[in-house]
Amino acid sequence: QVQLVESGGGLVQAGGSLRLSCAASGRTFSSLTMGWFRQAPGEEREFVASIRWSGISTYYADSVKGRFTISRDNAKNTVYLLMNSLKREDTAVYYCAGSASLSIQLLIRPREYDYWGQGTQVTVSS
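Here is a short report on the structure shown in this document. Keep in mind the model is a prediction, meaning the values are calculated, not measured.

### Topic: the environment of S57
Step number 1: Inspection of the secondary structure puts S57 in the loop between strand 5 (46-51) and strand 6 (58-60).
Step number 2: Overall, the relative accessible area of 41% leaves S57 in the partly exposed class.
Step number 3: Remark: the alpha-carbon pair of S57 and T33, spanning 24 residues in sequence, is separated by 9.8 Å.
Step number 4: The residues contacting S57, other than those within four sequence positions of it, are S50, I51 and R52.

### Let's talk about the state of the cysteines
Step number 1: Taken as a whole and judged by the stated rule, the model has 1 disulfide.
Step number 2: Covalently, C22 is tied to C96 through a disulfide, its sulfur atoms 2.0 Å apart. Disulfide C22-C96: torsion about the S-S bond near 50 degrees, hence right-handed. Of this pair, C22 sits in strand 3 (residues 18-25) while C96 sits in strand 9 (residues 92-99), placing them 74 residues apart in sequence. There is no split in this pair, since C22 and C96 are both buried.

The rules we used
Residues numbered from 1 in each chain as written. Predicted model: local features only at pLDDT ≥ 70, side-chain atom pairs only at ≥ 80, totals over all residues. Heavy atoms only, no water. Helix = DSSP H or I, 4+ residues; strand = E, 2+ residues; numbered from the N terminus. Buried < 20%, exposed > 50% of the residue type's maximum accessible area, 1.4 Å probe, protein only. Contact = heavy atoms within 4.5 Å. Disulfide = S-S within 2.5 Å.

Such coordinate-based values are descriptive only and should not be taken to indicate function.
Structure, rendered in structure tokens:
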């Protein structure tokens, strides 16, 4: 099985930056599409970004495009989310997820992911 553990969350002022990490254990990490999602209280889980196994193809939600960057280091079994120019509306619990799907679609829905971390809180103050 694959286990995911997020880290790097915390409190940051608006306009600041934060880098999240997701460490994976298991034999199949390099074959997974990895994604980041976030969820604020009372709201649905929201897609943030995804990256294919090769790291070549990435996709971002419009709300974070140009500010966030997803990357992965398969040798370290780790995926990252660099968040710049943070806004108050970015406040949420951030989850990393892995999908073993062979679909060529963009994989932006939570049900398309098989493995989930426990989440890390990101709070942006104004």
